[in-house]
Amino acid sequence: RQMCIRDRFSPDGKWLAYRSTARNGTDTDIWLRDMATGQARPVVTAGGSWSARDFSPDGKTLLVMKGVSAAESYPGKVDLATGALTMFPVEGGKAAFGDFAYGPDGKSAYYVSDEPVDGKPQEFQTLRHHDAATGKVTVLSGAIPWDVSGFSLSEDRRHLAYATNEDGISRLRVLALPSHREIALPALPVGVFGSGVFSPDGHRLALSINSATSPSDVYVIDLRDARLARWTQSEVGGLDASKFVAPTLIRYPTFDRVNGKPRTIPAFYYRPANVPAGRKLPVVINIHGGPEAQSLPTFNPTAQFMANELGVAMLVPNVRGSSGYGKTYLSLDNAEKREDSVKDIGALLDWIAKQPELDSSRVGVVGGSYGGYMVLASLVHYSDRIRAGIDVVGISHFGTFLKNTESYRRDLRRVEYGDERDPKMAEIFERISPLNNADRIRAKLFVAQGKNDPRVPWTEAEQIVKAVRANGQPVWYLLFNDEGHGFRKKSNNDYFGAASVLFWQENLLDEKKCTASPGLRDAQPGRWR
């Protein structure tokens, strides 16, 4: 999604700025490493979570950012000789900031923010230019009602490329500097853009483009004649890429209203091709984590396998609290409003029931991390309408999660979920957490977890498995002793993938019990519990 690789090397290559918790294991400081000697020293130790953004052209100062949440961050600069940290004023006192870089003169700056403009609140994060000489701020993408996901500057600072996230699809624009004139570009494939990097001479721009039917490939734009060249052709393991399914973007009504009309929730709908007339498709709802993440129509091998091999439709919603749809939408699930996002899944179940091609009696849910919480919460509220769910490294109780997560993340998560030290918030956690409502989970459940997870401790999985089993409900439980927050080793990922397919076959597709089930359990002693 990010247009820019944040170049943390100084212009002369002598210094590398990076972030680390080495000082106290909790705060994310900014460190400076001398590339010749290997010596490193902290340059920002103000507490909290900091990141380095851009060196000045003379290498004497560094633009930095303190992040608090998806909706709150604070920009500043540090004098690398003295260590003096100067924070910049934030219009309105609180705002979100994205990329941040020096302009051609080394004094002005380009940045992404949703700060108020002329006193008016802004829904989206726009590209802006701050003129150091006059103090004037110019909004460069104000006419675009979407977030700017990132930008990249050429080495000579004569061009700036930026991408907007328009309902999950990337759109590229390139500006000539300092005039800010938009230059002509060739037509690009529809997809999601990754890193944008200019050639050393500034005449070409390379970027990766990922789509629902194609993994990431590198494309290069020649800015002098608006010519596009594709440099790579990603392989897909010998599969016929023409059979891959592209999702459609749907919007379904949910429980509340905006300006007198039902609020709608966006979702990407992967529908198997060539479905026989009259056949109803089973459905899996795939819920992202974050919670302030956003599901995008990128290449999803699981969705392709479900559609092409199992004949299962997949719906990938961006429920309230997702990024990419404005500041208001992002905040709709905060703290005491947490279960409103779960109601959005209930509304999606309503939508499924109205689709003639979908089988509302065979619906499953899957999600990881916060998405794992959403799976558990959905089963608590809708076990009568959801047949099975897969919870991957998910949160089962916000109070125990905040108590046991690594200390460097705790304050950041409290901003989003609420502070468990507040008695009112603690009471809400007790009321809504799936662990305390395990008796309401009557659907089939599969829980998968890494024993070394620093984000969502393995105890979150252990306690929900015990609670659901205590009510007489069977639970598949897969614990990897050599994994953390997700499964990175190929053997483990393959094993989890095979187990997931088996789970869907047995509990969603009504297929005959597979004799491989005991074999899977015996293949990796100690994993199944």
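None of the values given here were measured: they were computed from a predicted structure.

1. Points about the overall build of the protein chain
Stage number 1. A count of helices and strands for the protein chain gives 10 helices and 27 strands.
Stage number 2. Over its C-alpha atoms the protein chain spans a radius of gyration of 24 Å, differing by no more than 12% from the 24 Å that the globule rule assigns to 529 residues.
Stage number 3. For the protein chain, the spread of C-alpha atoms along the three principal axes comes to 70 × 55 × 50 Å.
Stage number 4. For the protein chain, with 529 residues in total, the buried portion stands at 54%.
Stage number 5. Pairs at least 24 residues apart make up 56% of the contacts formed inside the protein chain by residues separated by at least 6 positions.
Stage number 6. As presented, the protein chain carries roughly 23,300 Å² of accessible surface, and 51% of it is formed by carbon and sulfur atoms.

2. Regarding the sheet that holds strand 13 (residues 159–166)
Stage number 1. The four strands lie next to each other as 12-13-14-15, forming an open sheet whose pairing is antiparallel. Of all strands in the sheet, those bounded by a partner on one side alone are strand 12 (147–153) and strand 15 (181–182).
Stage number 2. In this sheet, strand 14 (residues 169–176) lies alongside strand 13 in antiparallel orientation, the contact comprising eight bridges. Paired with Glu166 across the bridge in strand 14 is Ile169.

3. A closer look at the environment of Lys107
Stage number 1. Along the chain, Lys107 turns up in the loop between strand 8 (97–102) and strand 9 (109–113).
Stage number 2. Linking Lys107 and Met425, residues 318 residues apart in sequence, is a C-alpha distance of 44 Å.
Stage number 3. Among all residues touching Lys107, those that are not within four sequence positions of it are Tyr102 and Ala132.

4. Points about the side chain of Ser396
Stage number 1. Considering the arrangement of structural elements, one finds Ser396 in the loop between strand 25 (388–392) and helix 5 (398–404).
Stage number 2. A polar side-chain atom of Ser396 sits 2.8 Å from the main-chain carbonyl oxygen of Glu460.
Stage number 3. Sequence-distant contacts of Ser396, defined by excluding residues within four places in its chain, comprise Leu376, Ser433, Pro434, Leu435, Glu460, Gln463 and Ile464.

5. Quick word on the nonpolar core
Stage number 1. Judged by nonpolar contacts, the single largest core of 74 residues is most densely connected at Phe151, Tyr252, Ile285, Trp351, Ile352, Tyr373 and Ile464.
Stage number 2. Excluding its chain neighbours within four sequence positions, the residues that come into contact with Trp351 are Ile250, Tyr252, Tyr269, Leu315 and Leu358.
Stage number 3. In terms of nonpolar packing, the next biggest core, distinct from the first, is built from 30 residues, Ala212, Leu310, Met314 and Phe496 among them.

6. Thoughts on helix 9 (residues 490–507)
Stage number 1. Spanning 18 residues, helix 9 covers 25 Å between terminal C-alpha atoms, matching the ideal 26 Å at 1.5 Å per step.
Stage number 2. Here helix 9 has its buried residues at Asn492, Tyr495, Phe496, Ala499, Ser500, Val501, Leu502, Phe503, Trp504, Glu506 and Asn507.

7. Quick word on the environment of Ala133
Stage number 1. Of note, Ala133 is situated in the loop between strand 10 (126–130) and strand 11 (137–139).
Stage number 2. Once the C-alpha coordinates of Ala133 and Lys107 are considered, the two residues, 26 residues apart in sequence, prove to be 8.3 Å apart.

8. Observations concerning the pattern of salt bridges
Stage number 1. Counted under the stated rule, the structure contains 21 salt bridges.
Stage number 2. For Asp114, the salt bridge identified is with Lys327, shortest N-O distance 3.9 Å. Highlighted residues: Asp114 in the loop between strand 9 and strand 10 and Lys327 in helix 2 (residues 327–330), separated in sequence by 213 residues.
Stage number 3. The partner of Lys490 in a salt bridge is Asp494, and the shortest N-O contact between them spans 2.6 Å. You can see Lys490 and its partner Asp494 sitting in helix 9, four residues apart, about one turn around the helix.
Stage number 4. Exposure remark for Lys490: the relative accessible area of 62% places this residue in the exposed category.
Stage number 5. It is possible to trace a salt-bridge network through shared partners that takes in Asp222, Arg224, Asp225 and Arg227.

9. Notes on the pairing of strand 6 (residues 72–79)
Stage number 1. Looking at chain direction, strand 5 (residues 61–69) and strand 6 are connected through eight bridges and run antiparallel. Residue pairing for strand 6: Met65 is matched across the bridge by Pro75.
Stage number 2. What sits between the antiparallel neighbours strand 5 and strand 6 is a turn of two residues.
Stage number 3. In this sheet, strand 7 (residues 85–87) lies alongside strand 6 in antiparallel orientation, the contact comprising three bridges. Note that in strand 7 the partner of Gly76 across the bridge is Met87.
Stage number 4. The loop that links strand 6 with its antiparallel partner strand 7 comprises five residues; one of these, Gly83, has a positive phi angle of about 80°.

10. Looking at the packing of helix 3 (residues 338–353) against helix 4 (residues 370–382)
Stage number 1. Where helix 3 meets helix 4, the axes come as close as 10 Å, and the angle between the chain directions of the two elements is 65°. The two elements helix 3 and helix 4 cross, and the hand of that crossing is right-handed. Along its contact with helix 3, which presents Arg338, Glu339, Ser341, Val342, Lys343, Ile345, Gly346 and Leu349, the element helix 4 presents Tyr370, Tyr373, Met374, Ala377, Ser378, His381 and Tyr382.
Stage number 2. Taken together, the residues of the contact of helix 3 with helix 4 break down into eight nonpolar, four polar and three charged.

So, how was this worked out
- Residues numbered from 1 in each chain as written.
- Predicted model: local features only at pLDDT ≥ 70, side-chain atom pairs only at ≥ 80, totals over all residues.
- Heavy atoms only, no water.
- Helix = DSSP H or I, 4+ residues; strand = E, 2+ residues; numbered from the N terminus.
- Rg over C-alpha atoms; globule rule 2.2 N^0.38 Å.
- Buried < 20%, exposed > 50% of the residue type's maximum accessible area, 1.4 Å probe, protein only.
- Contact = heavy atoms within 4.5 Å.
- Areas by Shrake-Rupley, 256 points an atom, 1.4 Å probe, with all protein chains shown as cover.
- Pairing = 2+ DSSP bridges.
- Polar contact = N/O pair within 3.5 Å; in protein donor to acceptor, adjacent residues only side chain to side chain.
- Core = buried A, V, L, I, M, F, W, Y, C linked by side-chain atoms within 4.5 Å.
- Expected span 1.5 Å × (residues − 1).
- Salt bridge = Lys/Arg side-chain N within 4 Å of Asp/Glu carboxyl O.
- Axes fitted to C-alpha atoms, helices over the stretch in contact; angles between N-to-C directions.
- Left-handed = near helix turned anticlockwise from the far one by under 90°.
- Nonpolar A, V, L, I, M, F, W, Y, C, P; charged D, E, K, R; others polar.

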